[in-house]
Amino acid sequence: MKFEDVMTSAEAAERWGISPVTVKQACSGQRNTPPRFTSDECRKSKGTWLVTRSGMERVYGEERIMLKVIDTGLRSPKLIAEVENYREAWIAIVTEDFKGSPCVGEYTLEDWMSDDFEDLREKYPDFQPGDKMQYIYLTEYGEGPIVEPKIFNRESVSDLLSHLRMSYRVDEE
C-alpha cells in the first residue's frame, strides 16, 4: 500500500463528495449497526479516523475526480471533454476519434470471429480475445489488437493510447 492510499476521514469525505460524519460512522458503526469498513481499511490515530482508498472504493465506489480529455494531434491541443472517471474518458476519446476519419476500430468478439475478420485473425495469430471481453480495439498503425481493460484507470487508459498510438491525453484536475 502506498502512503497516498491512506487519508483522514475528512479528506476521504471531501474526495468522495460525502459527509465526514458518514465516513466516521462507516469506521465506528452506529446504533446496532456494525462498521462498514474492515479493520484493514480504517483505524483511529489520536482521535482521527484514517481510511484506505481501497476501503473507500469498496464501500462508496470510485473516487470522484475531474478529468480533462485533450486531443494532442492538432497544432494546438484541444479540450474535447471533461469527465468524472477514466471509463468516461476512454468513451470520449473513441467518440471523438469516430467523428473524423476513425483511426481506431472498436469491435465485439462476434465481429472478430466473423468471416469478415478472417484476414485480421491470420495477420495476428497470437491474439486470443477472452470470451468475457466487451470490445477489441485496433488501428492500422498500432501494435495489433488490444482488448478493453477490465478496470479503467490512469494506467490502463494510458496503455490503450500508447498501444493504439493515439494522440490524446487525460489530465487530472
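Residues numbered from 1 in each chain as written. Predicted model: local features only at pLDDT ≥ 70, side-chain atom pairs only at ≥ 80, totals over all residues. Heavy atoms only, no water.

### Some thoughts on the pattern of salt bridges
So, point 1. A complete count under the given rule lists nine salt bridges for this structure.
So, point 2. Linking Arg15 and Glu11 is a salt bridge whose minimum nitrogen-to-oxygen distance equals 3.1 Å. Taken together, the residues Arg15 and Glu11, both in helix H1 (residues 9-16) and four residues apart, mark about one turn of the helix.
So, point 3. By relative accessible area, which is 35% here, Glu11 ends up partly exposed.
So, point 4. Between Glu172 and Arg154 there is a salt bridge whose closest N-O contact spans 2.7 Å. One end of the pair, Glu172, is in strand S9 (residues 168-172); the other, Arg154, is in helix H7 (residues 154-164), and 18 residues separate them in sequence.
So, point 5. Residue Glu172 is classed as partly exposed on the basis of its relative accessible area of 40%. (Salt bridge = Lys/Arg side-chain N within 4 Å of Asp/Glu carboxyl O. Helix = DSSP H or I, 4+ residues; strand = E, 2+ residues; numbered from the N terminus. Buried < 20%, exposed > 50% of the residue type's maximum accessible area, 1.4 Å probe, protein only.)

### Observations regarding the sheet that holds strand S8 (residues 146-147)
So, point 1. The sheet built from three strands is open, its strands ordered S6-S7-S8 with antiparallel pairing. At either margin of the open sheet sits one strand with a lone partner, and together these are strand S6 (105-107) and S8.
So, point 2. For strand S7 (residues 136-138) and S8, the ladder comprises two bridges, and the chain directions are antiparallel. Among the inter-strand pairings, Tyr137 is bridged to a residue of S8, identified as Ile146. (Pairing = 2+ DSSP bridges.)

### Focus on the sheet that holds strand S4 (residues 67-71)
The strands that make up a sheet are held in pairs by hydrogen bonds between backbone atoms, and each pair lies either parallel or antiparallel.
So, point 1. Spatial ordering of the open sheet is given by S5-S4-S9, a layout of three strands whose pairing is antiparallel. Single-partner strands in this sheet number two, and they are strand S5 (78-83) and S9. On average, each strand axis in the sheet is inclined to that of its neighbour by 25 degrees, with strand direction left out of account. (Axes fitted to C-alpha atoms, helices over the stretch in contact; angles between N-to-C directions.)

### Overview of the pairing of strand S3 (residues 48-52)
So, point 1. Looking at chain direction, strand S1 (residues 6-8) and S3 are connected through three bridges and run antiparallel. Residue pairing across strands places Met7 opposite Val51, the latter belonging to S3.
So, point 2. Across four bridges, strand S2 (residues 42-45) lies against S3 in antiparallel orientation. Paired with Arg43 across the two strands is Leu50, which belongs to S3.
So, point 3. The antiparallel pairing of S2 with S3 creates a hairpin that spans two residues between the two strands, and Lys46 there sits at a positive phi of about 50 degrees.

### A closer look at the pairing of S4
So, point 1. Burial of S4 is extensive: four of the five residues sit out of reach of the surface.
So, point 2. Judged from the five bridges that link them, S4 and S5 form a sheet pairing that is antiparallel. Each bridged residue has a counterpart across the sheet, and for Lys68 the counterpart in S5 is Glu82.
So, point 3. Between S4 and S5, which pair antiparallel one after the other, the connecting turn spans six residues.

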